[in-house]
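Remarks on the overall topology
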Amino acid sequence: MKTRICGILISLCVLLPAVAAPEFQTVFNVRGYGAAGDGTNLDSPAIDRAILAASAAGGGTVYVPAGTYLCGSIHLTNNLHLYLDAGAVLLGAPQKMNAYDETEPWSNNPYQDGGHCYFHNSLIWGENLTNVFITGHGMINGGGLVRSDRILDQMCGFSTWNPTNRFSQFQSDLPPVRLGNKAIALKLCRNVLIRDITIFHGGHFAILVTGCDDLTVDNVTMDTDRDGIDIDCCRNTMVSNCRINSPHDDGLCPKSTYALGRTVITENLTIVNCQVSGFQEGTLLDGTMKPAHGTGRIKFGTEATGGFRNCTIANCTFRGCHGLALEEVDGGIMENIAINNLTMMDIAEYPIYITTGERERGPDARTPSRMRNIFISNVIATDVDPASGIQITGTPGQPIEGVRLENIRLDFKGGGTAAQASRVPPELGTGYPEPHRIGVMPAYGVFARHVRDLELANIKLSFASEDLRPAMVCSDVDGLEVDNFKARVASGVPASVLADNVRGITIRNSPVLDGVTPK
């Protein structure tokens with residue numbers, strides 16, 4: 001049923017001055033295609049009928065008015081604007097209804113977990129589409145979506161992957177499943193806008209976009225118990241004004257997996273004016289913000305066979321979660337990353353973590369992970385876990401190159417011991433990149449190892465409870481320039497330890513470092 005609703009069209013046109021949804025002349029109201037909106041009847045077939053009608057007309061706006069719409073998989077098409085009005089809720093059906101599509105065939109590779117390999121078993125999905133817009137002030141409530149998808153890991157070979165079979169294709173003998181585990185999944189789509197909606201309980205991923213180009217995600221709230229949004233193998237992406245709460249996994253997570261069967265760099269990415277947190281699920285939406293000391297965070301990686309290039313982050317807040325992580329451990333390259341204006345409160349594990357590794361979850365084991373040209377400025381973090389401060393760690397023979405940190409103030413909880421100060425952390429090697437896996441750092445503020453051309457300017461470090469570790473420890477650093485470094489130091493503890501093979505040292509305007517020389 002075609003209807004013309006002028007008021008809705010006017011409201012849609014003024015939502016986004018810079019990247020507006022299209023002015024489709026025809027609106028398809030899902031109620032006219034049989035949707036009940038009572039939260040009991042399965043409405044996804046009716047919504048699909050409205051979408052097909054829009055597609056047959058060459059494109060249009062599919063309008064979802066207020067109501068609760070119980071849904072299995074909804075299938076997007078080209079030139080589609082799915083508009084969720086205020087009061088509209090798309091509710092994910094229980095798994096027992098078998099309302100989600102079967103997983104598509106997979107014989108590609110086992111390098112990434114099953115969540116990244118299967119898209120069709122999602123609440124809303126689209127593949128190889130152009131001009132896809134999901135907007136409005138309604139909600140997607142994942143309802144029956146699941147966060148655990150171990151069966152998918154088994155189906156794609158991820159569970160049994162090891163470096164000895166990295167070049168082999170994998171063919172599962174397990175049958176497809178109807179395991180709904182994502183709220184929105186888009187693969188190989190172009191010109192995509194997701195705006196103003198709220199996603200609650202989004203399954204493994206509230207939003208997963210893979211191989212997409214010209215993507216805008218703006219003013220979206222996600223309160224979920226696993227990943228908020230994963231931006232995988234995408235180009236020309238803007239994420240702005242989003243609030244993402246994810247206590248049990250990453251909040252905003254650029255990746256570069258091998259899910260497309262080839263190496264693809266995630267590049268030309270801007271993240272601005274976003275908030276990430278690790279409160280208990282649902283407590284961002286109800287305003288209580290109950291602490292869970294969860295993961296949250298903005299993290300590049302872990303999967304990074306292609307890498308990341310030409311990316312910026314600005315004006316973001318972190319609360320009750322982990323800090324910023326830049327991880328390149330799968331043989332790709334991370335370069336030209338600029339990050340500015342971050343504030344953090346109640347931070348678990350670390351405020352800033354920059355690392356390369358040798359996990360090499362990809363087909364080319366001969367290429368080392370590389371990282372260069374990283375610029376981070378204007379960061380404030382308070383109530384930071386004492387386990388790790390700023391950690392910058394390359395690999396032996398393959399240093400991280402060209403890192404500048406400036407205008408950073410970090411306040412730690414403190415409590416580090418003399419025994420911890422004497423630790424020599426093991427190399428990450430082929431391990432999973434998380435600081436806790438190599439233990440408490442010997443410095444409470446900055447630990448740098450296997451780095452070339454490291455600049456530290458206007459850094460101030462302090463702690464609440466006495467910490468018996470130095471403020472900074474460096475090892476195998478070629479080119480260390482420090483200007484205006486200030487740090488609280490316990491009595492009898494050196495401000496900095498320059499261990500083996502630290503050379504090319506310049507220290508200015510930093511009285512606390514007077515007399516510091518390499519061992």
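You'll find the structure just up there.
Throughout what follows, the structure given in this document is the object of discussion. The residue count restarts for each chain, going from 1 along the sequence in the order it is written. With pLDDT at 70 or above as the cut-off, local features in this predicted model cover only qualifying residues; side-chain atom pairs require 80 or more to be listed or tallied, and sums for whole chains, interfaces and linings still use all residues. Side-chain measures here rest on the full set of heavy atoms in the structure, leaving out hydrogens and waters.

This part takes up the overall build of the protein chain. Only DSSP runs of H or I covering at least 4 residues are called helices, and only runs of E covering at least 2 are called strands; the numbering of each starts at the N terminus. Each helix and strand in the protein chain was counted, giving four helices and 34 strands. Dimensions of the protein chain, computed from C-alpha atoms along their principal axes, come out at roughly 80 × 50 × 35 Å. Type-normalised accessible area, obtained with a 1.4 Å probe on protein chains alone, sets the label of each residue: buried when under 20%, exposed when over 50%, and partly exposed for intermediate values. Split into buried and exposed, the 519 residues of the protein chain put 60% on the buried side. By definition in these notes, contact holds between two residues if any of their heavy atoms fall within 4.5 Å. Of the contacts made within the protein chain by residues no fewer than 6 positions apart, 74% connect residues no fewer than 24 positions apart. To be clear on the numbers: accessible area is Shrake-Rupley with a 1.4 Å probe, and residue cover counts the displayed protein chains and nothing else. When the accessible surface of the protein chain is totalled, it reaches about 18,300 Å², and 50% of it is carbon and sulfur. Positive charges come from Lys and Arg alone, negative charges from Asp and Glu alone, with His and the N- and C-terminal ends not counted. By convention, the charge on Lys lies at NZ, on Arg at CZ, on Asp at CG and on Glu at CD. Charged side chains of the protein chain number 42 positive and 54 negative; the gap between the two group centres comes to 0 Å.

Counting buried positions over the five residues of strand E24 (residues 296–300) gives five, a clear majority of the element. Of the two faces of E24, the one carrying Gly296, Ile298 and Phe300 and the one carrying Arg297 and Lys299 are both buried. Two strands form a pair only when DSSP identifies at least two bridges running between them. Note: strand E21 (residues 250–255) against E24, two bridges, orientation parallel. Counterpart to Leu252 in the pairing with E24 is Ile298.

A separate point is the packing of aromatic side chains. What counts as a ring pair is set by centres within 6.5 Å for rings of Phe, Tyr and Trp (its six-membered ring), and what kind of pair is set by the plane angle: stacked under 30 degrees, edge-to-face over 60, tilted for all other angles. Tallied over the full model, the rule gives seven aromatic pairs. Where Phe300 meets Phe308, the ring centres are 5.2 Å apart and the plane angle is 75 degrees; that geometry is what we call edge-to-face. Take Phe300: its relative accessible area is 0%, and that puts it in the buried class. Ring geometry for Tyr444 versus Phe463: centroids 5.1 Å apart, planes at 80 degrees, classification edge-to-face. In this pair, Tyr444 sits in the loop between helix H4 (418–421) and strand E31 (446–465) while Phe463 sits in strand E31, placing the two residues 19 residues apart along the sequence. The residues Tyr444 and Phe463 share a single accessibility class, namely buried. Put simply, the rings of Phe412, Tyr444 and Phe463 pair up and form one aromatic cluster. Across the ring face of Phe119, the terminal group of Lys182 is positioned such that the distance to the ring centre comes to 6.0 Å. Note on criteria: charge over ring means Lys NZ or Arg CZ within 6 Å of the ring centre, with the direction from the centre no more than 35 degrees off the ring normal.

The next subject is the pairing of strand E16 (residues 213–218). Counting buried positions along E16 yields five of six residues, so the element is predominantly enclosed. Of the pairings in the sheet, the one linking strand E13 (residues 190–195) to E16 comprises five bridges and is parallel in character. When the bridges of E16 are listed, Arg195 appears paired with Asp218. Of the strand pairs in this sheet, E16 and strand E19 (residues 235–240) are connected by five bridges, and their pairing is parallel. Across the sheet, Thr216 pairs through a bridge with Met238, a residue of E19.

Here we take up empty space enclosed by the protein. Of the two site types, the cavity is a set of points on a 1 Å grid over the protein atoms alone where a 1.4 Å probe fits but cannot get out, and the pocket is an open set with protein on both sides within 12 Å along at least five of seven lines, each lined by residues with an atom within 4 Å of a point. Grid points are joined across faces, edges and corners, and a volume is the space filled by probe spheres set on the points. Scanning the entire structure with this criterion turns up one cavity of 30 Å³ or more. Its boundaries defined by the atoms lining it, the largest cavity holds a volume of some 60 Å³. Classification convention: Asp, Glu, Lys, Arg as charged; Ala, Val, Leu, Ile, Met, Phe, Trp, Tyr, Cys, Pro as nonpolar; all other residues, Gly among them, as polar. Grouping the amino acids of the lining of the largest cavity by side-chain chemistry returns three nonpolar, eight polar and two charged.

Its volume calculated, the largest pocket comes out at about 270 Å³. Lining the largest pocket are 16 residues; nearest its centre among them are Asp113, Phe158, Arg226, Glu303 and Tyr432. In terms of residue class, the lining of the largest pocket is made up of two nonpolar, two polar and twelve charged. Quantified by volume, the second largest pocket comes out at close to 200 Å³. In this structure, the second largest pocket is lined by 14 residues; those nearest its centre are Arg423, Val424, Pro442, Val473 and Ala499.

Another point: unusual backbone geometry. Cis peptide bonds are those with omega within 30 degrees of zero, and the linkage from Gly301 to Thr302 qualifies with 10 degrees. Following the sequence through the fold, Thr302 ends up in the loop between E24 and strand E25 (307–319). Non-glycine residue Asn128 carries a positive phi angle of around 55 degrees. Secondary-structure assignment places Asn128 in the loop between strand E9 (124–127) and strand E10 (130–135). Even without being glycine, Cys233 reaches a positive phi, approximately 60 degrees.

Only a pair of cysteine sulfur atoms within 2.5 Å qualifies as a disulfide here. In total, this model carries zero disulfides according to the counting rule given. Summary of cysteine pairing: Cys156 is not part of a disulfide, and the nearest cysteine sulfur, belonging to Cys117, is at 3.9 Å. Cys156 sits in the buried class, given a relative accessible area of 0%.

Our next topic: helix H2 (residues 44–56). Each helix should span, by expectation, one fewer than its residue count multiplied by 1.5 Å. Between its first and last C-alpha atoms H2 spans 18 Å; for 13 residues at 1.5 Å apiece the expected length is 18 Å, and the two agree. Buried residues of H2: Ser44, Ala46, Ile47, Asp48, Ala50, Ile51, Ala53 and Ala54, and no others.

Following the sequence through the fold, Cys474 ends up in strand E32 (residues 472–487). C-alpha of Cys474 to C-alpha of Ile207: the two residues are 267 residues apart in sequence and 39 Å apart in space.

What follows concerns the pattern of salt bridges. One speaks of a salt bridge when a side-chain nitrogen belonging to Lys or Arg is within 4 Å of a carboxyl oxygen belonging to Asp or Glu. Applying the stated criterion across every chain, the model contains 22 salt bridges. The partner of Asp249 in a salt bridge is Arg226, and the shortest N-O contact between them spans 3.0 Å. Of this pair, Asp249 sits in the loop between strand E20 (243–245) and E21 while Arg226 sits in the loop between strand E17 (221–223) and strand E18 (227–232); the two residues are 23 residues apart in sequence, bridging distant segments of the chain. Each member of the pair, Asp249 as well as Arg226, carries the same accessibility label: buried. As a salt-bridge pair, Glu434 and Arg297 come within 2.8 Å of each other at their nearest N and O atoms. Of this pair, Glu434 sits in the loop between H4 and E31 while Arg297 sits in strand E24, and the two are 137 residues apart along the sequence. The pair formed by Glu434 and Arg297 is uniform in burial state, with each residue classed as buried. The network of salt bridges with shared partners includes Arg190, Asp213, Asp214 and Arg235.

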